[in-house]
Structures are given as C-alpha cells and as structure tokens.
Amino acid sequence: MQVHLKLFSLAMGIFCSLSASLHARQPSSCVLLYFTSAHCQACSEMSIAVRKASDQSWLVREVDADRERALTSRWKIAALPTIVVLESGVEVDRITGKVDSSALLSRLEGKPVSNPAHKFEDVTKPTTAPVADPMEVSVRIRIEDGNSVSFGTGTVVDQHGSEALVLTCGHLFRELTPASRVTIDLSTATGIQTFPATVIDYQCQGTDIGLVSFPVSLPIAVAKLLPKGQALQPNEPVCSVGCDHGANPSRRDSYITKLNRYLGPANVEVAKAPVQGRSGGGLFNSRGELIGVCYAADPSLDEGLYSGPEVVYTQLQRLGLGRLYDQSQMAFNEPARTSPSRDQSFPDRSLGENWKSAIDQAAVATRLTNRPREARNDIPQSGTVLTATILDAQGNTKQLRISHPNPELLRMLQNQTDSLQSETAVANR
C-alpha cells in the first residue's frame, strides 16, 4: 500500500518547526528589563513590540513599576515605558517611550549574541531533605565537534527497557551536525561510565528544551516529575544540579524568586545565576521532584532561569510520555515499557542532514499507540511501505519512504485523508 501526501501532515509539523529553528536567531546574553505599568496606555500599545522581541529569543523581563519600586528606583526610571538593555549586568542601551516592532528590533540588532550562561555562587539557604537524590538522576552531556568540546547537564526521566531518556535544554544542540558526537557520563557504583547518546528532539527558539537517549543495560535511577496540576510558589526552597564548566555534577541549594516574569513559555527564576556547563540541568523541589530545566541566566539580578513544568510536560507529550507526569495516562502507557524493537527505537543522526524528520514518525506513532485503537479494517498489517511527498511553503518537495510503518500512524493518515476529502466534497457542492 502506498499513501501519497502533498500537504503538511500532523506528523511533519515537528520537523518543519525544528528545521526553521536552525536558522533562527540564537539566544542572547543580553536581558531586556521592560518597565511598564497597568495604568500606562503607551505601555499597553508597546507590548506588541516587546512580545515580538521575546518571540525572537530576546530574554525579556517585564517589571511592573508600581509594584517593584526598588528595582525601578535602582535603574532610575523616569518615564514609562522604558527598556533597559543589559549585557552581563551592565546597561548598554536604554529605550524610553513607545516604539514599534521594527524600530525596537532594529535597535537590538547590533547587540552581542552568546551563550546566556554566566557565574554561579553557592546559596546558604538549605532545602528540606528530598525524598529522592537529584544527584543520582543527573548526568553530564558532552558534545564533540571536530576539535571543540562543549558540556551541558541533563536529568534521566525515564528508562524504557535498555534505553534511558534524558531531559535537557535545546540550545546545547543548536550547532549539531550529523558528524557531531554526543555522549552521556553517568555516575554508577563502579565510577563514571560513558555512553553514546542520540539527540532525539530539541527546540531552541522560544521554548528551550531537548531530549536525549542512551543505551544502558542495568536499571538506573530515574527522576520523578512534579505531578500535573501542582503549583510552584515564590520563596519555595529548591535545588539545582549542574556540571560547572564540564566538571562532575554538583548540587546547589536555593529558592524560587519569581514565576513567569519573563514573556513567553512558563519560566521560573531562582536565586543565583548558573555558569556554563549547568545549562540543561534539573531544578528540583524539596521532595526531589523535577520542576524545571536550566536554560539561561540573568546576571543583572544574579538569578538563574529555568523552563517551567508546563514546558517539560509539553516536550514529553510530543513523544507520548505523558505518563511521566500525569497518572491518568498510566493505563495506556504502561504496556509500552517493554524493550523496544529496532524499528521502534529513536532515530539517530546517521540518516544525514534530514535526520530530524524521523522524529515525527516516532512521536506520532508513540502518541497513537497510547490511544484506544480506531475500528478500521482497511489498513494492512504487514508488508506496508509508506511514501510521502512533503511540499513546504516555498514550493520545495522532499520524498520520504518508511518501511513497515506503525499501523496506528497509517490509520491516522487515512482518517485525515478521508476527512479532507469529505470537507472538499462539501465545499464543492
């Protein structure tokens, strides 16, 4: 059976967004302090421009001048709206008064862009003893590209048979090529062991999150995620784990300062800013539950920035792993914990420059496997080959050929095709 598609399918949505992110503007070391007020009409009108800057990966912190008077006084804000552009805690530009999107982005264009990770210092405020040890579930990520080596941190969130899954940030892989070598260093009873790793999915525009897998034969410690529906609180004690400049993972105790003060995806601010190497490391509450992932720093306020639980949930759901944080999904997912066959394993970069496209089949097929099957008898069960023609917005086409596709994926595509044909028939009447 052959299914020919000339439309963007649901399965290819992830691939397109990932491809676009490779050409996106990289995260900046600059922080925009956007001073505003609920009573300021010009501020309300300028919010569109500020949100557009946030969408293009500028770190924007919105400061309510009425509520945060100390910070407003510290930066000598005399009029609203005002944007103070900080680089490593030093003011490099100031924009006073309303400007439109093009003017704001033009003003920011010349500012330096680099890895937004800076210094980290110990915090003396301790946390409550956790139920699980975050150190046991944290790993060092090593990325080798020719003569250069970079480091990050990750958290083991699942073990699926002989394959373990690591949650980290996405910007670690923004320069990844098919020739890049990614490895995981895991602390075991016999010392540090190194495993070859595969980047299976990442995003670094807007949402900064990624997933890596590695093969491991013995059971290992796995982090417990904050259950869905539980809220975080300012001043809540937390701890983070990271690999300072590529060192072994280390724990830092701290506390939450603010929630969702930056525009864009859910984010958590924590006292004390991280150094390079801690990017991707986990943030844990006093019970040892994973609540966030380190992706940037705000040196001006000496704070770390972490993706909130909602970002983590969304990324895991992309691969059908909702059971890790939502107990209601356990029934559908539990049978899938058996060791995956070779055809069901996560894709690797040996597929060439389009290696990420294979993510879509894995993600869609996994999600559909965890749903009740639809009653269709017209889908063959063996000997099937799926070919697809992908047409992008520029008119470029790509051909995909998938042997032995998941039957549930075929059902989804057939149902979508039938639905489109029905809609077209109705429209033409």
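Now for a look at the structure at hand. (Residues numbered from 1 in each chain as written. Predicted model: local features only at pLDDT ≥ 70, side-chain atom pairs only at ≥ 80, totals over all residues. Heavy atoms only, no water.)

### Concerning the state of the cysteines
For the record, the criterion: Cysteine sulfur atoms that come within 2.5 Å of each other are treated as a disulfide pair. Summary of the burial criterion: residues with accessible area below 20% of their type's maximum are buried, those above 50% are exposed, and those between are partly exposed, where the area comes from a 1.4 Å probe applied to protein chains only.
Overall, the coordinates contain one disulfide when judged by the stated rule. The disulfide bridge from C40 ends at C43, spanning 2.4 Å between sulfur atoms. Torsion about the S-S bond of the C40 and C43 cystine: about 80°, corresponding to right-handed handedness. Assessed through its relative accessible area of 2%, C43 is described here as buried. The structure places no disulfide on C204, whose sulfur is separated from the nearest cysteine sulfur, that of C169, by 9.6 Å.

### Structural notes on unusual backbone geometry
Our working rule: Numbered from the N terminus, helices here are DSSP runs of H or I no shorter than four residues, and strands are runs of E no shorter than two.
Following L80, the chain continues into P81 via a peptide bond in cis, with omega recorded as -5°. Although it is not a glycine, N260 sits at a positive phi angle of roughly 55°. For N260, the location among the structural elements is in the loop between strand 13 (250-259) and strand 14 (267-271). According to the relative accessible area criterion, N260 is partly exposed, its value standing at 49%.

### Regarding the sheet that holds strand 17 (residues 303-307)
Strand-to-strand pairing in sheets goes through backbone hydrogen bonds, with the strands running parallel or antiparallel. Heads up, the rule is: In short, DSSP must find at least two bridges between two strands for them to pair. Convention adopted: a line fitted to C-alpha atoms gives each axis, helices being fitted over their contacting stretch, and angles between N-to-C directions are expressed from 0 to 180 degrees.
Strand order in the closed barrel made by the six strands is 12-13-14-17-16-15, with antiparallel pairing throughout. Going from strand to strand, the sheet's axes swing by 45° on average, the running direction of each strand aside. As judged from the six bridges shared by strand 12 (residues 237-242) and strand 13, these two strands associate in the antiparallel manner. The residue of strand 13 that forms the bridge with P237 is Y255.

### Focus on the packing of helix 2 (residues 41-55) against helix 4 (residues 101-108)
Applicable threshold: In what follows, roughly perpendicular refers to angles from 65 to 115 degrees, roughly parallel to angles under 35, roughly antiparallel to angles over 145, and oblique to any angle outside these ranges. By convention, the crossing between two helices is left-handed when the near helix turns anticlockwise from the far helix through less than a right angle, and right-handed when the turn is clockwise. Contacts between residues were defined by any pair of non-hydrogen atoms, one from each residue, lying within 4.5 Å. Throughout this entry, Asp, Glu, Lys and Arg are counted as charged residues, while Ala, Val, Leu, Ile, Met, Phe, Trp, Tyr, Cys and Pro are counted as nonpolar. The remaining residues, Gly among them, count as polar.
Viewed as axis vectors pointing N to C, helix 2 and helix 4 meet at an angle of 45°, and their least axial separation amounts to 8 Å. Viewed along their axes, helix 2 and helix 4 adopt a mutual orientation that is oblique. For the pair helix 2 and helix 4, the crossing hand works out as right-handed. Counting all contacts with helix 2, which are made through I48, A49, V50, K52 and A53, the residues of helix 4 involved are S101, L104, L105 and L108. Among the residues making up the contact of helix 2 with helix 4, the classes are represented as seven nonpolar, one polar and one charged.

### Let's talk about the side chain of T183
Considering the arrangement of structural elements, one finds T183 in strand 8 (residues 181-188). In this structure, T183 is in contact with R140, I141, R142, T194, F195, P196 and A197, ignoring residues within four places of it in sequence.

### Considerations on the pairing of strand 11 (residues 207-215)
For strand 11, the tally of buried residues reaches seven of nine residues, placing the bulk of the element in the interior. One ladder, built from six bridges, connects strand 7 (residues 163-168) with strand 11; its direction is antiparallel. Along strand 11, the bridge assignment pairs L167 with L211. Two strands pair when backbone bridges link them, and strand 10 (residues 198-205) and strand 11 are joined in this way by seven bridges, in the antiparallel orientation.

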